[in-house]
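Examining the three-dimensional arrangement
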Amino acid sequence: MSDSEEPQQKTVIGIAFGNSNSSIAFTSPDGKAEVIANEEGDRQIPSALSYVGDEEYHGAQAKSHLIRNPKNTIAYFRDFLGKSFADIDPTNAHSSAHPIQHETGVAFLVEEKTDAEPSTLTVSEITTRHIKRLQESASDFLGKKIDGCVITVPTDFSEAQRRLLAEASKASGLEVLQVIQEPVASLLAYTAREETSHPADKTVLVLDIGGTRTDAAVIASRGGMFTLLATQHDYELGGRQFDDALVDHFSKEFIKKHKTDPRENERSLAKLRLECEATKKTLSLSTSAQISIESLAGGFDFHSTVNRLRFDLLSKKLVDQIVGLVESVVKKAGMDLSDINEVILAGGSSHTPKIASRIQQLFPSTTAVQAPATNPNALNPSELSARGAAIQASLIAEFEAEDIEQSTHPAVTVTPHLAKPIGVVIHSPEGDEGKAEDKVYVFLDAETAVPARRTATFVGTNVGGDVLIRVVEAKKESVDVTPPKEVKEKAADEDDEDDDDDDEEEEEEKVIKRVTEVEKVIAEALLKDVKKGQKVEVMLNVAGDLTLTITARVVGGKGGIRGTVPGRAQ
Amino acid sequence: MNVVVTKHTLLPAEPEWPHEGGFHILEHLSEPTHRNLEPVGPHYLAHARRKRHHRTFSEDDRIVAAQQAKNVEDADPGEISEPEDAMLLSRDPKDWKNQDHYAVLGISKYRWKATDEQIKRAHRKKVLKHHPDKKAAAGGVDDDNFFKCIQKAMEILTDPVKRRQYDSVDESADVDPPSRKAKGNIYKLWNPVFDSEGRFSKKKPVPRFGDDKSTKANVEEFYNFWYNFDSWRTFEYLDEDVPDDNENRDQKRHVERKNKAARAKRKTEDTARLRKIVDDALAMDVRLQKFRKEERLQKDAKKIAREAEEKRLVEEAKKKAEEDARRKEEEEAAMKASKADAKKAKEAAKNAAKKNKRVLRKGAEDANYFHSDGAAPPDVVANVLADVELLITKLDNEELDVVAKKLAGLKVSDEIKSVLVDGIRGSVGKGSAAEGDFKVLLK
Ligand SMILES: Nc1ncnc2c1ncn2[C@@H]1O[C@H](COP(=O)(O)OP(=O)(O)OP(=O)(O)O)[C@@H](O)[C@H]1O
Ligand SMILES: [Mg+2]
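Residues numbered from 1 in each chain as written. Chains lettered and ligands numbered in written order. Predicted model: local features only at pLDDT ≥ 70, side-chain atom pairs only at ≥ 80, totals over all residues. Heavy atoms only, no water.

Now for the overall build of chain B. When helices and strands are counted, chain B shows 15 helices and three strands. In terms of overall dimensions, chain B is more spread out than a globule: its C-alpha atoms have a radius of gyration of 60 Å, far above the 22 Å expected for 443 residues. Seen through its C-alpha atoms, chain B measures out along the principal axes to roughly 180 × 80 × 45 Å. Looking at chain B residue by residue over its 443 residues, the buried ones come to 33%. Taking the contacts inside chain B whose residues are at least 6 apart along the sequence as the reference set, 67% of them involve residues at least 24 apart. For chain B, the exposed area adds up to about 28500 Å²; of that, 53% sits on carbon and sulfur atoms. Counting 91 positive and 85 negative side-chain charges, chain B places the centres of these two groups 3 Å from one another. (Helix = DSSP H or I, 4+ residues; strand = E, 2+ residues; numbered from the N terminus. Rg over C-alpha atoms; globule rule 2.2 N^0.38 Å. Buried < 20%, exposed > 50% of the residue type's maximum accessible area, 1.4 Å probe, protein only. Contact = heavy atoms within 4.5 Å. Areas by Shrake-Rupley, 256 points an atom, 1.4 Å probe, with all protein chains shown as cover. Lys, Arg positive; Asp, Glu negative; His and termini not counted. Charge placed at Lys NZ, Arg CZ, Asp CG, Glu CD.)

This is the structure we're talking about:
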């Protein structure tokens, strides 16, 4: 693998390939991932190609051609890759070149050259052209030929779609080292930023709100390794719907003034949409924004302003839907909202302050929400996938193809994961309410891939004597800790004769606390004669066959105790 | 190695921990779940290096391993399950008020029960199939009427307020109640009716009609609930359109007033409709008769039991009284008998003592008053008899008896004398007499 004697280091990049935008990133020699701007200075490069005259336009230029030349502009095509015509939703391509059926797949019919018949460009072909342009931008920026890349795709991309994507890239001259999942790339971007070489165990929800879709994923992050626990998608919810909320708002205003609906003319609509998107982005930074369009419809110009409050109101239903998606994916993972330790907001629309604040409200305050509006140190949500891809690319840059194939082989990836959290019972003579209380200190959380090992030290005892290390499987439980209703009220109710029905309507806010409790005791180990205040180190090691080894010793002392619980299969 | 430092204390051990070797196993770890690790990041690559360990995995290994792993992605939406008839496909989207939104999305068998997730998936299937751009691209007619119906259905069913208004008037979800004369299993007839009506309840859970195993309390709760049914049902979905031009204000107000009255009327009618359903159910509910009968039987049984018990108590008391009387009689008789016996014994003892005294006197006489020859002179006789008489008074009846028995058959004078002397010594030893009291016998 990596060999310091090798003279030529490979130049590799990460590519985030979205329906709306794509990004390219590389990892600098000091290990920092950075997103590259193309010639026009864009870091979010619209995934669009437009053919005008004999020219091919890419990115923001191509996107601007949606107004004048929509029929020859191809956009929002990524999700069509590797799909049959029957299986695609053409809605997002309605204002650009329409997808058509071609052989078993999907293609676009565009006038590529002025003097020639329109050509049929398959989605694979368009993808190849798009990646070629991205590669050129990267190569220009880095001043080097690009040797390979890692590309991100959503979790619902099939094996066949991933393969087609790699082939399309290869056809452009860019080798794909690995295709990785978008939410995992986002999580890697954050994890790689942490200084420690031992990332804390946590359960993370990655919420990716893009342009045309919203994807949510619950990921177990254990010892720096990631496991997808649940995913959920909404293919009809994204930045476009937020744009449309503004489009409808301004259209109504325009109709009032000029009795003309700009939405009824395709070109007017395209203009208004593009400007509304810009206005929306402004509202992520400032509390009010202007919109100004010359000759919007019927020869009338349009000038107006909108403030953030109004925008939040217009888009409330959309934010409700996002919240619903989050709740549903957490439920799908068999979890409670408070089991999520961190939420990573990814995708361009995650810049929207209201989305971030609603998500923060949804979760308990102990859950960190990584978004520009809730954490000034958050990474740019638009850049997460590309950064993660660049980090992964740099990690495997020097791997042989065979090496990568074997490292990502299911025989290596498919791994037993713990069904229950495993921990040790800790004793506090004065618990929450001053009563002695025994709790579980979790060493290995549920969904940790085995083999795995964790070590912790404890203050053995505050009084001195023998100490018991009780190793348990735990369960998380929701307990209702709602303070009891006033007793007086209750007594009064009981005097009522028959209709005590209506007091059920004023439902009380329930206060639910999540607690980790002992489910079953696995083993106990005795550590003799521990002096008051001495530290005890406990190590739990679970082997691939679920054999549990418990080791405990007094720090600085001799001896200790060690015991093994065989896995069930033995 | 990474060590987490905590300030927690561990459990104190009991003084006599009962297990050998300081380690005790109670359980195995639970069965693990097989999942896919994401092949990404430095820690994964380290894991892969360890796991591969110079081995090469084959295509077969891939299949075996992949089958084991738990899948997190949902299966694709699949085929549209409900057939789309021509009537539905040719609907006019402007007539959306009369449209069956669930049927348009192909989920008419779920209706109010459809989850948001089901609605979304159903909508997606329909969009994939009916998007006008697809039809146009395939050279079909540019007709987006049904697509508009789909979008309208989606708009209504994904808006909680609009969906509730629609569900309020969605009579296709009603289950017709059986007629009063209907024959058959009443639980099969009525449960679906109330399950469907229950959708309008503000209060959850809604009690079910139940079955023949329902308790009286269940059934009473059921009727109590349904006679006090609190419905969220409203009827604004059926409103007449209010003209929205500003010119005809009176007309607008008139329509609004009309709508309000119509809503109220429908609500009243609905309450009456439900009441009739509950009345009918009650009339047909054989369980009520069963409960009454059971109650009556129970009451009767109780009465019989109570009477039997009373009778038993009376008899018992009578028996006891008789028994008591009998016992008392017996006791009295016994007492009497024992009193008589005691008297007899006393008499016998008295006679015995008399006899014994006579034996003692006779003994002295037989021994010729211990005078050697010839008839004893009167002073001798008097002294001896005085001693004998004294002895007699000093002896109780039993001692007297002992002395008398020893004297029985004795003829020799010395022998008789020594018996009498023994008797005297015995009573002197006892302290009841003194030697000096006796005049002759001790000489
Ligand atoms: N600052 C901002 N504030 C609000 N929205 C923004 C901002 N920046 C970008 N967006 C929106 O983010 C969306 C694009 O997101 P992203 O770049 O993640 O797209 P994508 O992954 O290609 O999307 P998809 O595949 O879902 O279409 C656009 O709708 C854009 O308007
Ligand atoms: Mg995206």
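Read on for the rest.
So, on to empty space enclosed by the protein. Residue and element names in this part refer to chain A. A full pass over the atoms with the stated rule returns three cavities of 30 Å³ or more. One number sums up the size of the largest cavity: a volume of about 70 Å³. Considering the residues around the largest cavity, the lining is formed by Pro154, Thr155, Glu182, Pro183, Val206, Asp208, Asp215, Ala216, Ala217 and His233. Of all the elements in the fold, those that place two or more residues in the lining of the largest cavity are helix H4 (182-193), strand S13 (202-209) and strand S14 (214-222). Counting residues per element, the lining of the largest cavity draws most heavily on S14, which supplies three residues. A per-class count over the lining of the largest cavity returns five nonpolar, two polar and three charged. Residue lining of the second largest cavity: Asn19, Ser20, Pro46, Ser47, Ala48, Lys63, Leu66, Ala75 and Tyr76, and that is the complete set. (1 Å grid on protein atoms, 1.4 Å probe; cavity = no way out; pocket = protein on both sides within 12 Å on 5 of 7 lines; lining within 4 Å. Points joined across faces, edges and corners; volume = space filled by probe spheres on them. Nonpolar A, V, L, I, M, F, W, Y, C, P; charged D, E, K, R; others polar.)

As a further point, take the domain arrangement of chain B. Annotation of chain B at the domain level lists domain 1 (2-60), domain 2 (76-172), domain 3 (194-284) and domain 4 (349-437). The straight-line distance from the C-alpha centre of domain 1 of chain B to that of domain 4 of chain B is 115 Å. (Domains from an automatic or database assignment.)

A separate point is the interface of chain A and chain B. Listed as interface residues are 111 residues of chain A and, on the opposing side, 74 residues of chain B. When the two sides are added together, the surface that chain A and chain B hide from each other amounts to roughly 8300 Å², 58% of it contributed by carbon and sulfur. Taken together, the connections running from chain A to chain B amount to nine salt bridges. There are 47 residue pairs in polar contact (both at pLDDT 80 or more) connecting chain A and chain B. Sorting elements by how many residues they give to the side of chain A that touches chain B places strand S15 (residues 225-234) of chain A first, with ten residues. Class assignment of the residues belonging to the side of chain A that touches chain B gives a composition of 53 nonpolar, 33 polar and 25 charged. Taken together, the two bridges between strand S24 (residues 465-480) of chain A and strand S1 (residues 3-12) of chain B define a ladder with antiparallel strand orientation. Looking at the pairing, leucine 468 of chain A lines up with leucine 11 of chain B of S1 of chain B. (Buried area = accessible area lost by both parts, 1.4 Å probe. Salt bridge = Lys/Arg side-chain N within 4 Å of Asp/Glu carboxyl O. Polar contact = N/O pair within 3.5 Å; in protein donor to acceptor, adjacent residues only side chain to side chain. Pairing = 2+ DSSP bridges.)

With that out of the way, let us pick up the domain arrangement of chain A. Many authors give the size of an interface as the accessible area that is lost as the parts come together. All names here are of chain A. As far as domains go, chain A holds domain 1 (12-173 + 387-412), domain 2 (197-237 + 320-380), domain 3 (239-313) and domain 4 (417-482 + 511-565). In this structure, domain 1 and domain 2 have C-alpha centres spaced 26 Å apart. Taken together, the contacts link eleven residues of domain 1 with nine residues of domain 2. Carbon and sulfur atoms supply 46% of the area that domain 1 and domain 2 bury against each other, a total of about 770 Å² over both sides. Looking at the side of domain 1 facing domain 2, the largest losses of area belong to Thr155, Asp156 and Arg387, adding up to 49% of the total buried there. Counting the contacts that link domain 1 with domain 2 gives two salt bridges.

Residue and element names in this part refer to chain A. For ligand 1, the set of nearby residues contains 19 residues, the closest of which are Ser20, Asn21, Glu277, Lys280 and Ser284. With respect to ligand 1, the backbone of arginine 213 contributes an N or O atom lying 3.1 Å from an oxygen atom. In this structure, an oxygen atom belonging to ligand 1 sits 2.7 Å away from a side-chain N or O atom of lysine 280. Protein chains bury 90% of the 650 Å² of accessible surface belonging to ligand 1 in isolation. Among the elements that make up the shell around ligand 1, the one with the highest residue count is helix H6 (residues 266-285) (four residues). For the shell around ligand 1, a count of residues per class yields no nonpolar, 14 polar and five charged. (Near = heavy atom within 4 Å.)

To continue, consider the environment of glutamate 195 of chain A. With respect to the element layout, glutamate 195 of chain A can be found in the loop between H4 and S13. Distance in space between the C-alpha atoms of glutamate 195 of chain A and glutamate 473 of chain A is 31 Å, their sequence separation being 278 residues.

On average, chain B scores 89 in pLDDT, and the residues at 70 or more come to 98%. Reported confidence for the predicted complex is 0.91 by ipTM and 0.81 by pTM. (pLDDT = per-residue confidence, 0-100.)

Quick look at the side chain of asparagine 356 of chain B now. With respect to the element layout, asparagine 356 of chain B can be found in helix H12 (residues 286-366). Once you skip the residues sitting within four places of it in the chain, asparagine 356 of chain B turns out to touch Asn397, Leu400, Asp401 and Ala404 of chain B.

Below, the discussion takes up the pairing of strand S27 (residues 548-554) of chain A. Side-chain positions along a regular strand alternate between the two faces of the sheet. All names here are of chain A. Summarising burial for S27: six of the seven residues are buried, a large majority. The pairing of strand S26 (residues 535-542) with S27 spans seven bridges and is antiparallel. Note on S27: the bridge partner recorded for valine 538 is alanine 552. Count of turn residues in the S26/S27 antiparallel hairpin: five residues, of which leucine 546 carries a positive phi of about 70°. In this structure, S27 lies alongside strand S28 (residues 561-565), joined through five bridges in antiparallel fashion. Considered in S28, the bridge of isoleucine 550 is made with glycine 563. Counting the residues in the hairpin turn of S27 and S28 gives six residues, including glycine 556, whose phi is positive at 85°.

Now for the sheet that holds strand S7 (residues 73-75) of chain A. Residues and elements named next belong to chain A. The three strands are arranged S6-S5-S7 in an open sheet whose pairing can be described as antiparallel. Single-partner strands in this sheet number two, and they are strand S6 (55-58) and S7. Strand-to-strand, the axes of this sheet are offset by a mean angle of 15°, without reference to chain direction. By the bridge criterion, four bridges tie strand S5 (residues 48-52) to S6 in an arrangement that is antiparallel. By the bridge assignment, leucine 49 is partnered in S6 with histidine 58. Docked against the sheet, helix H2 (residues 123-142) engages S5, S6 and S7, running at close to 70° with respect to S6. (Axes fitted to C-alpha atoms, helices over the stretch in contact; angles between N-to-C directions.)

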